[in-house]
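Next come the chains, spelled out residue by residue.
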Amino acid sequence: MTDTTTQIAETIAANDVVLYMKGTKEMPQCGFSSRVAGVLNYMGVNFKDVNVLADADLRQGIKDFSDWPTVPQLYVKGEFVGGCDIVTEMTLSGELDTLFDAKGVSYDKDAANKIREANG
Amino acid sequence: MAMQAHEIEDLIRASFPSARITITDLAGDGNHYAAEVIDESFRGLNRVQQQRAVYAALKGRMDGPSGDLHALALTTKAPD
């Protein structure tokens with residue numbers, strides 16, 4: 001395995017929630033990355049952000065790793081969950097809450113409900 | 001580099017000949033589209049599997065240094 005692939009595998013194994021994104025959770029640099037990081041921040045989820053813009057090998061490596069051509073990419077307990085569209089749909093449908101519950105990831109349930117009410 | 005809506009539809013149509021495909025131009029810059037693909041082959045697949053199949057149909061035209069299409073908001077499902 002290339003060192004990029006190893007690095008990715010280690011990161012998603014070592015952290016419950018990982019978001020590969022453009023920019024950082026404090027300074028997202030793309031609308032889609034900003035939306036997913038924003039949802040996770042608002043829901044009080046503790047996640048590791050990885051800035052793919054800081055490493056060209058990683059930017060391509062993460063797409064090969066998950067066979068998914070875009071960033072952001074969300075991983076929960078080592079499993080690829082999806083990109084911006086899927087995470088948005090799951091947030092609004094409540095499936096993200098269900099996934100976090102099932103995987104033992106803590107989050108603010110009221111905040112999740114507020115997101116749904118705001119997008120009612 | 002940008003793409004036209006019909007190019008996206010043709011690429012998806014090639015892999016999903018009987019699908020109902022709706023392409024929406026989000027920004028008029030040839031770079032930001034939404035695509036809805038409704039096809040029987042999606043029945044029983046989860047969203048990631050469905051969307052992976054559509055991205056595969058686009059044959060690398062997505063994002064990245066050589067990507068022509070920066071953003072494609074995808075919605076996929078099996079017919080009701």
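Residues numbered from 1 in each chain as written. Chains lettered and ligands numbered in written order. Predicted model: local features only at pLDDT ≥ 70, side-chain atom pairs only at ≥ 80, totals over all residues. Heavy atoms only, no water.

What about the sheet that holds strand 2 (residues 32-38) of chain B?
Residue and element names in this part refer to chain B. Spatial ordering of the open sheet is given by 1-2-3, a layout of three strands whose pairing is mixed. Of all the strands in the sheet, the pair left with one neighbour each is strand 1 (20-25) and strand 3 (71-77). Between one strand axis and the next, the sheet turns by 15° as a mean value, whatever way the strands run. Across six bridges, the pairing between strand 1 and strand 2 is antiparallel. For Thr 22, the partnering residue across the bridge sits in strand 2 and is Glu 36. (Pairing = 2+ DSSP bridges. Helix = DSSP H or I, 4+ residues; strand = E, 2+ residues; numbered from the N terminus. Axes fitted to C-alpha atoms, helices over the stretch in contact; angles between N-to-C directions.)

Quick word on the interface of chain B and chain A
At the interface, 13 residues of chain B touch 19 residues of chain A. In total, about 1400 Å² of surface goes out of reach between chain B and chain A, with carbon and sulfur atoms giving 54% of it. One can count three salt bridges joining chain B with chain A. A salt bridge links Asp67(A) to Arg52(B); the nearest nitrogen and oxygen atoms lie 4.0 Å apart. Across the contact surface, chain B and chain A share five residue pairs in polar contact (both at pLDDT 80 or more). For the side of chain B that touches chain A, the secondary structure elements donating two or more residues are helix 2 (47-57) and strand 3 of chain B. (Contact = heavy atoms within 4.5 Å. Buried area = accessible area lost by both parts, 1.4 Å probe. Salt bridge = Lys/Arg side-chain N within 4 Å of Asp/Glu carboxyl O. Polar contact = N/O pair within 3.5 Å; in protein donor to acceptor, adjacent residues only side chain to side chain.)

A word on helix 1 (residues 3-14) of chain A
Residue and element names in this part refer to chain A. Look at helix 1: 16 Å from first C-alpha to last across 12 residues, which is about the 16 Å you get at 1.5 Å a residue. All buried positions along helix 1 are accounted for by Thr 4, Ile 8, Thr 11 and Ile 12. The arc enclosing the buried residues of helix 1, seen along the axis, measures out at 90°, which places them on a common side. Facing away from the buried side of helix 1 by over 90 degrees, the exposed positions are Asp 3, Glu 10, Ala 13 and Ala 14. On its buried face, helix 1 sits against strand 1 (17-21), strand 2 (48-51), helix 3 (56-66) and strand 3 (73-76). (Expected span 1.5 Å × (residues − 1). Buried < 20%, exposed > 50% of the residue type's maximum accessible area, 1.4 Å probe, protein only. Arc of directions from axis to C-beta.)

Concerning the UniProt feature "binding site: [2Fe-2S] cluster" (unreviewed entry) in chain A
Mapped onto this structure's residue numbering, the UniProt feature "binding site: [2Fe-2S] cluster" (unreviewed entry) falls at Cys30(A). Along the chain, Cys30(A) falls in the loop between strand 1 and helix 2 (31-42). Those residues in contact with Cys30(A) that lie beyond four places of it in its chain are Lys22(A) and His70(B). (UniProt positions renumbered as here; feature names shortened; annotations may be inferred.)

Details of the environment of Arg35(A)
All names here are of chain A. Inspection of the secondary structure assignment puts Arg 35 in helix 2. In this structure, the C-alpha to C-alpha distance between Arg 35 and Asp 85, residues 50 residues apart in sequence, is 9.8 Å. In this structure Arg 35 touches Cys 84 and Thr 88, once residues within four positions along its chain are discounted.

Remarks on the packing of aromatic side chains
Summed over all chains, the structure comprises seven aromatic pairs over all chains. Counting every residue linked through ring pairs, the aromatic cluster contains Tyr20(A), Phe65(A), Trp68(A), Tyr75(A), Phe80(A) and Tyr55(B). The ring centre of Phe47(A) lies 4.3 Å from the NZ or CZ of Lys25(A), which sits over that ring. (Phe/Tyr/Trp six-rings, centres within 6.5 Å; stacked < 30°, edge-to-face > 60°. Lys NZ or Arg CZ within 6 Å of the ring centre and 35° of its normal.)

Overview of the sheet that holds strand 3 of chain A
Residues and elements named next belong to chain A. If you walk across this open sheet you meet the four strands as 2-1-3-4, and the pairing is mixed. Bordering the open sheet on either side are strand 2 and strand 4 (79-82), each of which pairs with just one other strand. For this sheet, the mean angle separating the axes of adjacent strands, direction not counted, is 25°. In this fold helix 5 (residues 95-103) packs onto strand 1, strand 3 and strand 4, with an angle of close to 35° to the strand it touches most, strand 3.

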